[in-house]
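# Structural overview for review
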Amino acid sequence: MTDRRLLPTLPLGALRAFDAAARHGSFKAAALELSVTPAAVSHQIKGLEKRLGTTLFDRLNRGLRLTSAGQRLAMVTMESFTRLDAGLRELDASGLTNGSAMLSISAAPSIAAKWLVPRLHRFQAAHPAIELRLQSGDALADVTSGSGIDVALRYGTGHYGADVSETQLWLPGEIVVVCAPTLAQGGSLGSPMDVLHHPLLRTSLPARREAGKQAAGGAGTELGGWSAWLAAAGIDPATIASSTMRGPLFGSSHLAIDAAAAGRGLALAPRILVADDIAAGRLVEPFPIAVPDPFAYWLVHATRRAAEPSIRAFARWIKDEALRTSGA
């Protein structure tokens, strides 16, 4: 089909000259506004009329009068340039046009280390005028006050407050077991029961411990969430409770994941956090057993700030990255 759109072939300067002349009813007044000569304005408009194949002005002795075609075009250009000017003013107010825009992000340590940081270069390439400041911590930053945090990336159930806008980046996924390829290839992981012969790397996230405790009658607190996976693998709860294979207890999932990649044992983690390491061959899943993740990852920011250009740009980018990661 032939592309009949005119805008790519129409000079923006000619449209601006027409808009000014239409508002002032004078080439001279339009020239003063645009800091050019009246002859230049007249020349641009004649070229526009030739391109459109219609007359836009009736040239009168005492000024200009829009033709019916000119009136229709004037309505379009006035609205378009008004919106463009408002948008540019908004960008300038936020600092995006002068390189001074700042966006402060708070992210849970594991999602920051295993997913966000490896991808931030793509955001910076697309938005070089936005300076990012990334903070990592388990405490939920207050994005509605003067804390200095603009957006937060969190792992949980949502419901972060009445004044907070929440975007679920991924649906709740799966918790899987991972280990170094050398450990899986050593012949010591022939069945799920064999995991009890290796250090089980644990994380101390309260929500994860509580989920494990509910799934395995109390053993979850000691095993840091492992009980749910072991139960799904068909291992008897009494065997779980009597197991002495307690690996180190880590404060964040990414530390346990890195320890697993170094061959220090088996780690339990959300699949989204280990996808890159599995793709790169640093980790493998020794068993095709997964348990539902009761939590999801969320992007949160103050609802009243949703229209701010830097927040809007980051929200759009991170949703696109989440879709790319999930393969949607």
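Our subject is the structure that appears above.
Bear in mind the structure is a predicted one, so any value in this text is a computation, not a measurement.

## Side note on the pairing of strand S8 (residues 200-203)
Burial along S8 is two-sided: Leu200 and Arg202 facing one way and Leu201 and Thr203 facing the other are all buried. Sheet topology places S8 next to strand S10 (residues 266-270); 2 bridges connect them, and they run parallel. The residue of S10 that forms the bridge with leucine 200 is leucine 266.

## Quick look at the pairing of strand S3 (residues 101-107)
In terms of burial, S3 is largely enclosed, as 6 of its 7 residues are buried. By the bridge criterion, 3 bridges tie S3 to strand S5 (residues 151-156) in an arrangement that is parallel. Across the sheet, isoleucine 105 pairs through a bridge with valine 151, a residue of S5.

## Concerning the sheet that holds S10
Pairing is mixed in the open sheet, where 5 strands are placed in the order S9-S8-S10-S7-S11. Both outer strands of the open sheet, strand S9 (246-250) and strand S11 (290-292), are each paired with one neighbouring strand and no more. When strand polarity is set aside, the average angle formed by the axes of neighbouring strands in this sheet is 30 degrees. Two elements, strand S7 (residues 174-178) and S10, share 4 bridges in a ladder whose sense is antiparallel. Among the inter-strand pairings, valine 176 is bridged to a residue of S10, identified as alanine 269. In this fold helix H12 (residues 253-261) packs onto S7, S8, S9 and S10, with an angle of close to 165 degrees to the strand it touches most, S8.

## Digging into the pattern of salt bridges
Applying the stated rule across the entire model yields 16 salt bridges. In this structure, arginine 119 engages aspartate 276 in a salt bridge whose closest nitrogen and oxygen atoms are separated by 2.9 Å. Highlighted residues: arginine 119 in the loop between helix H5 (109-116) and helix H6 (120-126) and aspartate 276 in helix H13 (residues 271-279), separated in sequence by 157 residues. A salt bridge links aspartate 150 to arginine 305, with the nearest nitrogen and oxygen atoms 2.8 Å apart. Here arginine 305 lies in the loop between strand S12 (296-302) and helix H14 (309-326) and aspartate 150 lies in the loop between strand S4 (130-136) and S5, a separation of 155 residues in the sequence. Taking relative accessible area as the criterion, arginine 305 reaches 14% and is therefore assigned buried. Salt bridges sharing common partners tie together Arg119, Arg122, Asp276, Glu321 and Arg324.

## Looking at the packing of helix H1 (residues 12-24) against helix H2 (residues 27-34)
Where H1 contacts H2, the two axes come as close as 8 Å, and the packing angle between them is 125 degrees. On the basis of the axis angle, H1 is oblique to H2. Read as a crossing pair, H1 and H2 show a hand that is right-handed. Judged by residue contacts, Arg16, Ala17, Ala20, Ala21, Arg23 and His24 of H1 engage Phe27, Ala29, Ala30, Glu33 and Leu34 from H2. Tallied by class, residues from the contact of H1 with H2 come to 7 nonpolar, 1 polar and 3 charged.

## Quick look at the environment of alanine 112
Relative to the assigned elements, alanine 112 resides in helix H5. Separated by 161 residues in the primary sequence, alanine 112 and leucine 273 have C-alpha atoms spaced 9.7 Å apart. Excluding residues that lie within four positions of it along the chain, alanine 112 makes contacts with Ala107, Val117, Pro118 and Ser136.

Rules of the game
Residues numbered from 1 in each chain as written. Predicted model: local features only at pLDDT ≥ 70, side-chain atom pairs only at ≥ 80, totals over all residues. Heavy atoms only, no water. Buried < 20%, exposed > 50% of the residue type's maximum accessible area, 1.4 Å probe, protein only. Helix = DSSP H or I, 4+ residues; strand = E, 2+ residues; numbered from the N terminus. Pairing = 2+ DSSP bridges. Axes fitted to C-alpha atoms, helices over the stretch in contact; angles between N-to-C directions. Contact = heavy atoms within 4.5 Å. Salt bridge = Lys/Arg side-chain N within 4 Å of Asp/Glu carboxyl O. Parallel < 35°, antiparallel > 145°, perpendicular 65-115°, else oblique. Left-handed = near helix turned anticlockwise from the far one by under 90°. Nonpolar A, V, L, I, M, F, W, Y, C, P; charged D, E, K, R; others polar.

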